[in-house]
Amino acid sequence: MGKKTRMTGAKALIESLYAEKVDVLFGYPGGVLLPIYDEMFDADINHILVRHEQAAAHAADGYARATGKVGVCLATSGPGATNLVTGIATAYMDSVPMVAITGQVPSSMIGNDAFQEANITGITLPITKHNYLVTDVNDLPRIIKEAFHIASTGRPGPVLVDIPKDITTDELDFEYPESVELRGYKPTKIGHKKQVKRAADVISKAKQPVLYVGGGIIIAGATDELMELAQTINAPVTTTLMGKGAFPDDHPLCIGMPGMHGTKYANYSIQESDVLISVGVRFDDRVTGKIESFAPNAKIIHIDIDPAEISKNVRVDIPIVGDARSILNMLVEFIKEDLKGQTRTASWIKKVNKWKKQYPLHYKQDGTLKPQYIMEQICDMYPDSIIVTEVGQNQMWAAQYFKYKEPRTFISSGGLGTMGYGFPAAMGVKMGRPDKVVFDIAGDGSFQMNSQELATVVQNDIPVIVAIFNNGFLGMVRQWQELFFEQRYSFTCIDDSVDFVKLAEAYGALGLRVTKPEEVRPALKEAVESGRPTVIDFVVEREENVYPMVPAGAAINEILDLEDQL
Amino acid sequence: MKHTLAVLVENRPGVLARVAGLFSRRGFNIESLAVGITDNPDISRMTIVVSGDDRVLDQVTKQLNKLIDVIKVSDLSPADAIGRELALFKVKVDKGNRSEVIQIVDVFRAQIVDVGIKTMIVSITGTGDKIDAIEKLLRNFGIIEVVRTGKVSMNRGAKTVKLEK
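Residues numbered from 1 in each chain as written. Chains lettered and ligands numbered in written order. Predicted model: local features only at pLDDT ≥ 70, side-chain atom pairs only at ≥ 80, totals over all residues. Heavy atoms only, no water.

**Comments concerning the environment of L84 of chain A**
All names here are of chain A.
No. 1: Tracing the sequence through the fold places L84 in helix α4 (residues 79-93).
No. 2: Along the sequence, L84 and G245 sit 161 residues apart, while their C-alpha atoms lie 28 Å from each other.
No. 3: Setting aside residues up to four positions removed in sequence, L84 forms contacts with E53, A57, C73, A75, A100 and T102. (Helix = DSSP H or I, 4+ residues; strand = E, 2+ residues; numbered from the N terminus. Contact = heavy atoms within 4.5 Å.)

Spelled out as structure tokens, the structure:
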């Protein structure tokens, strides 16, 4: 190293991206980005031109979630930058490593309400892990280095770098730093040994323990450690929406998802647990229901890399801050010493299994086309797919009726609940995992929020399959209106919006329509085997509801099923 | 319950907005905030007085620590720390009561920093209580304008809030 080369800021940005091994970037050009895009023209980076900047952010997010690498998106100043905002907020809520690069008006014009000026660092302050406005071209390599470091370490998250136009044409002696020096940022990795021992002792004595695990397991790459812990203590495992794939859904100890649309048996298990071992979770309101009645008898152990999550929503008895993988490793060792091959949970497992048998996930099969049935067929035919979802009923059915076995195979906007996320995210997923069959499980509402990206997947030949559960409604809101607002379907009916088959065809994608259960499998087969971007319009039962369901404000054991009267 | 936090931050533009923004969006109440440079020109020190119970304080501290530009956060306990504020009072005076005001200023060990025909500016440093007390007395003469800083605070004795090496 030590070799410095004179170049422009724009070139230095590209060189910095090379240094970070960025091979895919989702972006949209604009006035202030012209110098950067001129460099991009010859760059050895696969630039995917989206049709709306929001899609660039979601695609970068999907790419990051599917690969574990940092996703990168690029947008111009003003409206380009503000269009990224939803995607950045989505990534922030779900701890996704992302670097968003925005162009900015020239330094001399900042603050003057110049053409296409927006204070994007100000706007994204609450939805980024950190952000930068580059004020000196010489800082650019360091800032890019720091941005990737901050985005990908500790609790990951999006970092935005705003680059004024003059910075991209100014020259510097380029040298990419080898390390970062951030005295205010030193994430704790190794768990406190004494605390881990305390937790081990409590777990070893537990008679009714439950493992409540989330996205933190996947981010930390701790699935093997989780499996070993679950088997060592013989405890049921509930995985949150973000934790889908952290523990195999078909494992005998798996009790599915907790919370509002979780399984009855997961919720009952949590409520009757004596020790709740929480790893990489944040006690979201969709999981806890009425917080005062959550896991009332349990000692709560909380393992998380973010100290601010400890005791944020519930009181925690034993907090352990650090990387889930190393902590679980340590924890298993201690527990093995304590248990010496014995476990005390046999009768607890029996009880949990009884609930499992008594209250399975189910739906009414009456010959009509049900979304749950479609999910089951996808799972049966293409069990190794990556399932990306939109938000609402489609998301819940995708979580409930597909068996996830591997991490990074269920990709969904959990925290922010962003409609329109799924399709562009699926695009990013497919770019990161071209070997996988990638489905976007969509509703007719969500899909229409970013359907313009059909142009992107066709132009770049990104063969994702959009499975629209088309019920002509904004289904989840309609469900709530049915159950809690006397079926007054206020502005949730969107039937006859568009012919999705023709829409797909208009963009040059494959469009298929399915109206009967027996057409499902042939259509899926045709879509996958075509190798083309495909939209399947599944015209499903219009007023199907997602069950089980915990009404808002209720405790999670007050969970209702299809047969229960509300 | 009020807590006084000493926060070391990078001396960079935008840091104050990050800290203030954090407080508002997380629903924490700032009673006062004072900021200035330290002996190290790269580091600024904020003294933030925040109201809330121990849980709130715990969250404030952790959330502040999550900001990349925040280097260190310390909770200064009132028993072990000195706290000072500065206030300026512009007081209405006339020939008859000017000496009375001067007497009050002497008692409080405050200072008169400006004298006009009809006004005086009284400058005082001290605890919030002391400043409240002189304000109450000066009100009798008529206060035209008040400006007060936020509290700055420092540990007594050898204990310091410094960057660890």
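**Regarding unusual backbone geometry**
Residues and elements named next belong to chain A.
No. 1: In this model, Y547 is joined to P548 through a cis peptide bond whose omega is -5°.
No. 2: Residue position: P548 is located in the segment after β19 (534-539).
No. 3: Phi is positive for S95, which is not a glycine, with a value near 55°.
No. 4: Classification of S95 as buried rests on a relative accessible area of 9%.
No. 5: Unusually for a residue other than glycine, Q487 sits at a positive phi of about 55°. (Buried < 20%, exposed > 50% of the residue type's maximum accessible area, 1.4 Å probe, protein only.)

**A look at the interface of chain B and chain A**
Interfaces are often described in size by the accessible area the parts lose on coming together.
No. 1: Of the residues lining the interface, 21 residues belong to chain B; the matching set on chain A comes to 19 residues.
No. 2: Of the roughly 1600 Å² buried where chain B meets chain A, counting both sides, 48% is carbon and sulfur surface.
No. 3: Applying the counting rule to chain B against chain A returns two salt bridges.
No. 4: Where E10 of chain B meets R183 of chain A, a salt bridge forms, and the shortest distance between an N and an O atom there is 2.7 Å.
No. 5: Inspection of the region where chain B meets chain A yields seven residue pairs in polar contact (both at pLDDT 80 or more).
No. 6: Breaking the side of chain B that touches chain A down by element, the ones donating at least two residues are α1 (15-25), α2 (54-66) and β4 (70-76) of chain B.
No. 7: Broken down by element, the side of chain B that touches chain A gets its largest block of residues, seven residues, from α2 of chain B.
No. 8: Of the residues contributing to the side of chain B that touches chain A, the split by class is seven nonpolar, four polar and ten charged. (Buried area = accessible area lost by both parts, 1.4 Å probe. Salt bridge = Lys/Arg side-chain N within 4 Å of Asp/Glu carboxyl O. Polar contact = N/O pair within 3.5 Å; in protein donor to acceptor, adjacent residues only side chain to side chain. Nonpolar A, V, L, I, M, F, W, Y, C, P; charged D, E, K, R; others polar.)

**A short note on the state of the cysteines**
No. 1: Applying the stated criterion across every chain, the model contains zero disulfides over all chains.
No. 2: The closest cysteine sulfur to the non-disulfide-bonded C254 of chain A is located on C379 of chain A, 12 Å from its own sulfur. (Disulfide = S-S within 2.5 Å.)

**Section: the environment of P187 of chain A**
No. 1: Note on placement: P187 of chain A falls in the loop between β8 (171-174) and α8 (193-205).
No. 2: Along the sequence, P187 of chain A and D561 of chain A sit 374 residues apart, while their C-alpha atoms lie 43 Å from each other.

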